[in-house]
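# Analysis of the macromolecular model
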There are 4 protein chains.
Amino acid sequence: MTTLANSPTRPTPIILDCDPGHDDAIALVMAHRSKAIDLLGVTVTCGNAELDKCVSNALRILEFIGAGDVPVAAGCYRPLARPLVLGTADGPSGLEGSPYLPMATKTVEPMHAVDFIARTLREQDEPLRIVATGPLCNMGLFVLKYPELLPKIKDITWMGGVFYRKSEIITPTEFNAFCDPEALKIVLDSGVKLTMVGLDVTMQVLVEEPQYAEFRKIDTELGRVVNDWLLFYEKLHRNSMGVGGALHDPLALALIIDPTLVRTRPAHIGVDLAGTYAFGATVADFWKERGLPDNAEICTEVDADRFFELLYSLLRD
Amino acid sequence: MTTLANSPTRPTPIILDCDPGHDDAIALVMAHRSKAIDLLGVTVTCGNAELDKCVSNALRILEFIGAGDVPVAAGCYRPLARPLVLGTADGPSGLEGSPYLPMATKTVEPMHAVDFIARTLREQDEPLRIVATGPLCNMGLFVLKYPELLPKIKDITWMGGVFYRKSEIITPTEFNAFCDPEALKIVLDSGVKLTMVGLDVTMQVLVEEPQYAEFRKIDTELGRVVNDWLLFYEKLHRNSMGVGGALHDPLALALIIDPTLVRTRPAHIGVDLAGTYAFGATVADFWKERGLPDNAEICTEVDADRFFELLYSLLRD
Amino acid sequence: MTTLANSPTRPTPIILDCDPGHDDAIALVMAHRSKAIDLLGVTVTCGNAELDKCVSNALRILEFIGAGDVPVAAGCYRPLARPLVLGTADGPSGLEGSPYLPMATKTVEPMHAVDFIARTLREQDEPLRIVATGPLCNMGLFVLKYPELLPKIKDITWMGGVFYRKSEIITPTEFNAFCDPEALKIVLDSGVKLTMVGLDVTMQVLVEEPQYAEFRKIDTELGRVVNDWLLFYEKLHRNSMGVGGALHDPLALALIIDPTLVRTRPAHIGVDLAGTYAFGATVADFWKERGLPDNAEICTEVDADRFFELLYSLLRD
Amino acid sequence: MTTLANSPTRPTPIILDCDPGHDDAIALVMAHRSKAIDLLGVTVTCGNAELDKCVSNALRILEFIGAGDVPVAAGCYRPLARPLVLGTADGPSGLEGSPYLPMATKTVEPMHAVDFIARTLREQDEPLRIVATGPLCNMGLFVLKYPELLPKIKDITWMGGVFYRKSEIITPTEFNAFCDPEALKIVLDSGVKLTMVGLDVTMQVLVEEPQYAEFRKIDTELGRVVNDWLLFYEKLHRNSMGVGGALHDPLALALIIDPTLVRTRPAHIGVDLAGTYAFGATVADFWKERGLPDNAEICTEVDADRFFELLYSLLRD
Ligand SMILES: [Ca+2]
Ligand SMILES: [Ca+2]
Ligand SMILES: [Ca+2]
Ligand SMILES: [Ca+2]
């Protein structure tokens, strides 16, 4: 058989660190269904909801999509140096609007998320890619506990921060950065390669009427659940920001499958840890005015149409 | 009686509090030449340059444009609670590119800017409008020293802050806010009506090739000086932000003449006083999430073409 | 030559900047009655109570002691960069326990305290000494408004700060420093010579039973009023700190009459402006570890007995 | 009844979390030699020196005193949310003056300190006491990672903080608190019972001439090493603070053997995380002014003589 020779690259093994969350849920679906990705495990942090709810959501989503064999490890129940302030975009359970998701029969790994990541990194021959779609509590704790394993992380693709967004909002910060700015700073200072998928690009992948029309065409059980998630998620966005639901986390995940969906630009990012309003602000020094080395690649442009095509195709298959 | 119908509106008396500065200089020119404005005095603060340089610039500009009778009072030599960090947009003298401005023969008032403002307010029957185009040091000091005169200030039209600007910059703050955030907070808390003319709108009144073409047509001594200012000012903008010179301060001044140049929106503005990167951030709560009363009208849209028409006409006359 | 022995030293002219306040009141009494002091004026700041109450207290005290000719000027109604948090040691009026003080017939100067200080400095041939026994709002505002007059201030003897105090209290800060730390920093950075009379020494001049016994012996109208002040003042100290009333402000004033009452030590003092608990902390670098020049003389030891002898003698005369 | 006399109390099992450090070293010696203590393990944090040096010191000390069977686990290489600023009291190696300590033949546990603590807690039937004599990095990380095991910690006796100390120093903070204030706050907020053995009491257990005389009498190999440690340690104290070496960590350890050596007082402790000078300040609210529940017992008095008797006896045996 020559298939292999012809066949595309071996799927990229990843760990997905998340706080499901509706958009995390869709990222999970994408990671499971994409042939380009080998989902080695899911680690969970607090953020959109309390840790136990996010863990339960992760287990139920995986079970529902037939990914019951993907290990799930629970991580941080609180940010590193602040009280937990929950996100508000996903309702009290972190995944409202999902009444008929099954209860999970599978259980969580008997170890903390950071230990699960460490074990997984050690088992891999090559440095591993991590996609993080929540506050960086787990990744920050990992840097604190496992400095010797940092070279085994190839990079972190993180949904969070904001650089280009119009700041017509109550805070110039993005929730994942706001929730645990100290963890973000630890990761930024760690030397690990970081790609920031911030609101600058994620607020451009919006589910509006044309997108709904496409989603409705996917007439499968999965398609209907995703549609329900979007409808719930949409309501909160529409009320507070006047736009449809932004697929923040799915965009971060999609970059593993197709990095050409975005343009990026290197910069040194500073994070404010004090202040009344602006802690968690991610301030990018694109002009090297501070004389500090770049510590991130920042997504600055996105091809939203191609992103949605990718998403539809993954749901359809 | 038809007198009233025939008689044009009485010019609006104002005090201009500024730190010239190229764009302050153009605002001064506009204030002097507009029939709609009665320039009662100019008060000067540190900001674009040290106080003595800004005072000297103000005196020379007024002399050059034949406004030697307008009183000038020197104000704060430093921000209220921080060391002075100079602006960089206007060169060391605060008004580079003006070699042939005359030395001033007129002298500064023998009293501090805040005392000059107090005296002027007391002399007026009606509450007075103030246009502030620099850091708010003088206005902050005024609030501290003259609480009993605050009702005599009709409003302050301030060039400063930023709400809608893309934050692809080293700081999410605007210079006038960054330079003296404590003074800004004092003014915001004072109950005085404030209109914020921030980078959100001022970065939309850019001098690019079409505007230069118009300026070049104004073939007077004044026209040539303004053109020289713009060319110097432009260089710095072009290098750092890749756009032509933004006429920040002239826009603020223009709103006295024609308030319909902008749309505004009320909000409560918070200012961060701590933090490494984001102190001076002006965070607007348009959605009343913090439950605090509005303390400013924020300019959100501008008609740049009409602004430039107004400016050209004032230079031409 | 006997001339020198025969010619008593000319009384030291001072301005007293205060927020009466029971201990400020006693300092006022001392300043008026001491032949070594020429009280040129009293300037008032907010602190122990709102500005208007402190002004009223100052006027009434001066009238009561027959010092109706000493000018009183009202100063800052709020700290420079924070909301006013009133002291609690002196009751709501700032001078509880004084029912039979006369209402003042004299009135306040028609100018702000900082302008009064400026005028007085200009009238003096020699640089002038200032005693400050409240938050440094007025002195901070003076530095901001009159940099050219700073050389005419010989020194400021300030009651405030703490270095040696046992910190078994809710905050490691002293009230006058806590109330306006930005003003304190402005003064410390101004280059004006400052002597800090902090809790380290003032908590050692306590009115306990032996002192009360002496006060009771001073059987004059003034003696009885002072005794009543002490009894009221004492109650608050006793309840909160378990000791008698500490004569903070009188000790600062006494140093003009007899500087040998204390030992001092030069140091650079830093003031924290941020933080939840410790803003206003006055941190002395006696060991030059920060490499910054000394900006204050700090009182480290006091001869309490001699202080009280001085106080008794001034009340008795 | 003689039963009680005959049945000696079972030794108290403890884990010692430390950053050796001369005074940590003496605490280690005491823990090993006291019959009242069962040293289940030693966990190490960065602080006095980098982690690897502190680990090496711990291993060498244990080997030297014949405690090679006590497990040692390495913990945090950096504070949770700040860069590491090393202590200066113990020289570059963290244990200068110990040239003839053997190199360690034993090795460190193959797990992180927090995992070692977790395993040990799980193995114990009863909640365990922990003595912490360094920055609280490890204990903070433990709270973040193992919330479910907090009930298995009986209490933490921590050397750190300061309440009553004369603050004639560059900072009002104690080194262990200054080094990782975020970790301290995490522990204070965790609900774990904490006893703070701060400078208030530890600066009263000073090694001066009378103490040296006693130490010199202990003419054993161990006695001589301890004496050498003290002589080195002393030099730094003498130069900087003008007093002999303070046995900070040994006093904390001694409280396990004899809690009557100190008096304690409950209070809510706040820790400042921001500020220029005073971050890490441990501010005790003994008077319940903030309305927050007590979160620590604070040592306020110490019987230094009895402490030294205990120490001598442990070295002599
Ligand atoms: Ca998420
Ligand atoms: Ca300006
Ligand atoms: Ca006072
Ligand atoms: Ca230690």
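About the cut-offs
Residues numbered from 1 in each chain as written. Chains lettered and ligands numbered in written order. Predicted model: local features only at pLDDT ≥ 70, side-chain atom pairs only at ≥ 80, totals over all residues. Heavy atoms only, no water. Helix = DSSP H or I, 4+ residues; strand = E, 2+ residues; numbered from the N terminus. Rg over C-alpha atoms; globule rule 2.2 N^0.38 Å. Buried < 20%, exposed > 50% of the residue type's maximum accessible area, 1.4 Å probe, protein only. Contact = heavy atoms within 4.5 Å. Areas by Shrake-Rupley, 256 points an atom, 1.4 Å probe, with all protein chains shown as cover. Lys, Arg positive; Asp, Glu negative; His and termini not counted. Charge placed at Lys NZ, Arg CZ, Asp CG, Glu CD. Donors = N, O, S within 2.8 Å, 3.2 Å for Na, K, Ca; no water. Phe/Tyr/Trp six-rings, centres within 6.5 Å; stacked < 30°, edge-to-face > 60°. Salt bridge = Lys/Arg side-chain N within 4 Å of Asp/Glu carboxyl O. Pairing = 2+ DSSP bridges. Axes fitted to C-alpha atoms, helices over the stretch in contact; angles between N-to-C directions. Parallel < 35°, antiparallel > 145°, perpendicular 65-115°, else oblique. Left-handed = near helix turned anticlockwise from the far one by under 90°. Nonpolar A, V, L, I, M, F, W, Y, C, P; charged D, E, K, R; others polar. Disulfide = S-S within 2.5 Å. Polar contact = N/O pair within 3.5 Å; in protein donor to acceptor, adjacent residues only side chain to side chain.

### Points about the overall build of chain A
Tallying secondary structure elements over chain A gives 12 helices and 11 strands in all. Rg of the C-alpha trace for chain A: 18 Å, near the compact-globule value of 20 Å for 317 residues, within the 12% margin. By the burial criterion, 63% of the 317 residues in chain A qualify as buried. Long-range contacts, defined as pairs at least 24 residues apart, comprise 81% of the intrachain contacts of chain A with a sequence gap of at least 6. In the structure as shown, chain A presents an accessible area of about 11700 Å², 55% of it carried by carbon and sulfur atoms. Where the 29 positive side-chain charges of chain A centre and where its 43 negative ones centre are 2 Å apart.

### Topic: the environment of Val 143 of chain B
Here Val 143 of chain B is to be found in helix H5 (residues 137–145). Considering only alpha carbons, one finds Val 143 of chain B and Val 114 of chain B, 29 residues apart in sequence, at a separation of 9.1 Å. Excluding anything up to four places from it in sequence, Val 143 of chain B contacts Leu 150, Ile 186, Val 187 and Ser 190 of chain B together with Tyr 77 of chain C.

### Comments concerning the coordination of the calcium ion (ligand 2)
Residue and element names in this part refer to chain B. Ligation of the calcium ion (ligand 2) by protein atoms is provided by Asp 19 (OD), Asp 24 (OD), Asp 24 (OD), Thr 133 (O) and Asp 249 (OD), these donors lying 2.1 to 2.5 Å from the ion. Written as a sequence motif, the donor arrangement for the calcium ion (ligand 2) is D-x4-D-x108-T-x115-D. With Asp 19 in the loop between strand E1 (12–18) and helix H2 (22–33) and Asp 249 in helix H11 (residues 248–257), the pair connects residues that are 230 residues apart, well separated along the chain. As far as burial versus exposure is concerned, Asp 19 and Asp 249 are alike and both buried.

### Quick look at the arrangement of the chains
In this structure chain A stays clear of chain C, and the shortest span between their C-alpha atoms is 9 Å. Looking at chain B next to chain D, you find no contact at all, with the nearest C-alpha pair sitting 9 Å apart.

### Brief notes about the packing of aromatic side chains
For the coordinates displayed, the defined rule picks out 24 aromatic pairs over all chains. Their ring planes at 70° and their centres at 5.2 Å tell us that Phe 307 of chain C and Phe 308 of chain C sit as a pair that is edge-to-face. Across the pair, exposure class does not vary: Phe 307 of chain C and Phe 308 of chain C are buried alike. These aromatic residues form a ring-pair network of at least three members: Phe 215, Phe 307, Phe 308 and Tyr 312 of chain A.

### Notes on the pattern of salt bridges
It is possible for side chains of opposite charge to pair when their charged atoms get near one another. Within this structure, the stated rule accounts for 64 salt bridges over all chains. Lys 185 of chain D is paired through a salt bridge with Asp 189 of chain D; the nearest N and O atoms lie 2.6 Å apart. Remark: Asp 189 of chain D and Lys 185 of chain D occur in helix H7 (residues 181–189); sequence separation between them is four residues, near one turn of the helix. Judged by relative accessible area, which is 30%, Lys 185 of chain D ranks as partly exposed. Between Asp 219 of chain D and Arg 224 of chain D there is a salt bridge, with its nearest N and O atoms 2.7 Å apart. Owing to a relative accessible area of 59%, Asp 219 of chain D belongs among the exposed residues under this scheme. The network of salt bridges with shared partners includes Asp 115 and Lys 145 of chain A together with Asp 115 and Lys 145 of chain D.

### Things to note about the sheet that holds strand E3 (residues 72–74) of chain B
All names here are of chain B. With respect to topology, nine strands assemble into an open sheet ordered E3-E2-E1-E4-E5-E6-E11-E9-E10, the strand pairing being mixed. Both outer strands of the open sheet, E3 and strand E10 (282–285), are each paired with one neighbouring strand and no more. Taken pair by pair, the neighbouring strands of this sheet meet at an average axis angle of 30°, ignoring direction. Relative to strand E6 (residues 194–197), strand E5 (residues 153–159) is paired through four bridges, and the arrangement is parallel. Looking across to E6, one finds that Thr 157 is bridged to Thr 195.

### Quick notes on the pairing of strand E10 (residues 282–285) of chain C
All names here are of chain C. Because side chains alternate across E10, one face comprises the buried residues Thr 282 and Ala 284, and the other comprises Val 283 and Asp 285, equally buried. As judged from the four bridges shared by strand E9 (residues 262–271) and E10, these two strands associate in the antiparallel manner. Bridging across to E10, His 268 finds its partner in Asp 285.

### A short note on the coordination of the calcium ion (ligand 4)
Residues and elements named next belong to chain D. Those donors, Asp 19 (OD), Asp 24 (OD), Asp 24 (OD), Thr 133 (O) and Asp 249 (OD), are the protein atoms that reach the calcium ion (ligand 4), and they lie 2.1 to 2.6 Å from it. Binding-site remark: the calcium ion (ligand 4) is held by donors from one chain whose sequence spacing is D-x4-D-x108-T-x115-D. You can see Thr 133 sitting in the loop between strand E4 (128–132) and helix H5 (137–145) and its partner Asp 249 sitting in helix H11 (residues 248–257), a full 116 residues away along the chain. Overall, the relative accessible area of 1% leaves Thr 133 in the buried class.

### Quick notes on the packing of helix H9 (residues 209–217) of chain D against helix H12 (residues 304–316) of chain D
Any two packed helices are characterised by how steeply their axes cross, that is the angle between the axes, and by the distance between the axes. Residue and element names in this part refer to chain D. Here H9 crosses H12 at 15°, and the two axes come no closer than 10 Å. Taken together, the axis directions place H9 and H12 in an arrangement best described as roughly parallel. Note that H9 runs across H12; the crossing there is right-handed. Of H12, the residues touching H9 (which contributes Gln 211, Glu 214 and Phe 215) are Phe 308, Leu 311, Tyr 312, Leu 315 and Arg 316. Class assignment of the residues belonging to the contact of H9 with H12 gives a composition of five nonpolar, one polar and two charged.

### Some details on the state of the cysteines
Residue and element names in this part refer to chain A. The tally for this structure, following the rule as stated, stands at zero disulfides over all chains. Of all cysteine sulfurs in the structure, the one in Cys 54 sits closest to Cys 18, which takes part in no disulfide; the separation is 8.0 Å. Cysteine Cys 76 is unpaired, with the sulfur of Cys 137 as its nearest cysteine sulfur at 5.3 Å. In this structure Cys 76 comes out as buried when scored by relative accessible area, which is 0%.

### Remarks on helix H4 (residues 113–123) of chain C
Within H4 of chain C, eight of the 11 residues are buried, which leaves the element mostly enclosed by the surrounding structure. When H4 of chain C is considered as a whole, its buried residues turn out to be Ala 113, Val 114, Asp 115, Phe 116, Ile 117, Ala 118, Thr 120 and Leu 121 of chain C.

### Details of the side chain of His 112 of chain B
Examined against the element boundaries, His 112 of chain B turns out to sit in the loop between E3 and helix H4 (113–123). For His 112 of chain B, a relative accessible area of 10% corresponds to the buried category. At 3.1 Å, the side chain of His 112 of chain B and the backbone nitrogen of Val 114 of chain B are in polar contact. Contacts of His 112 of chain B, omitting those with residues within four sequence positions, involve Ala 73, Ala 74, Gly 75, Cys 76, Asn 138 and Leu 141 of chain B together with Lys 145 of chain C.

### Thoughts on the pairing of strand E1 (residues 12–18) of chain D
All names here are of chain D. The buried count for E1 comes to six of seven residues, which makes it a mostly enclosed element. Across seven bridges, E1 lies against strand E2 (residues 37–44) in parallel orientation. Each residue of the ladder has a partner; that of Pro 13, found in E2, is Asp 38. Summarising the sheet, E1 and E4 pair through four bridges and their orientation is parallel. Directly across from Ile 14, in E4, lies its bridge partner Arg 129.

### Notes on the environment of Arg 316 of chain A
Residues and elements named next belong to chain A. Mapping Arg 316 onto the fold places it in helix H12 (residues 304–316). By relative accessible area, which is 45% here, Arg 316 ends up partly exposed. Spatially, the C-alpha atoms of Arg 316 and Ala 213 are 14 Å apart, while their sequence positions differ by 103 residues. Excluding residues within four positions of it along the chain, Arg 316 makes contact with Arg 33, Glu 214 and Ile 218.

### Concerning helix H7 (residues 181–188) of chain B
Buried residues dominate H7 of chain B, accounting for seven of its eight residues. If you check which residues of H7 of chain B are buried, you get Pro 181, Glu 182, Ala 183, Leu 184, Ile 186, Val 187 and Leu 188 of chain B.

### Some remarks on the side chain of Asp 24 of chain A
Residue and element names in this part refer to chain A. Assignment of secondary structure puts Asp 24 in helix H2 (residues 22–33). Buried and unpaired, Asp 24 has Arg 60 as its nearest opposite-charge partner, separated by 15 Å. Here the side chain of Asp 24 touches Asn 48 through a polar contact of 3.2 Å, side chain to side chain. What Asp 24 contacts, discounting residues up to four positions off in sequence, is Cys 18, Asp 19, Asn 48, Thr 133 and Asp 249.

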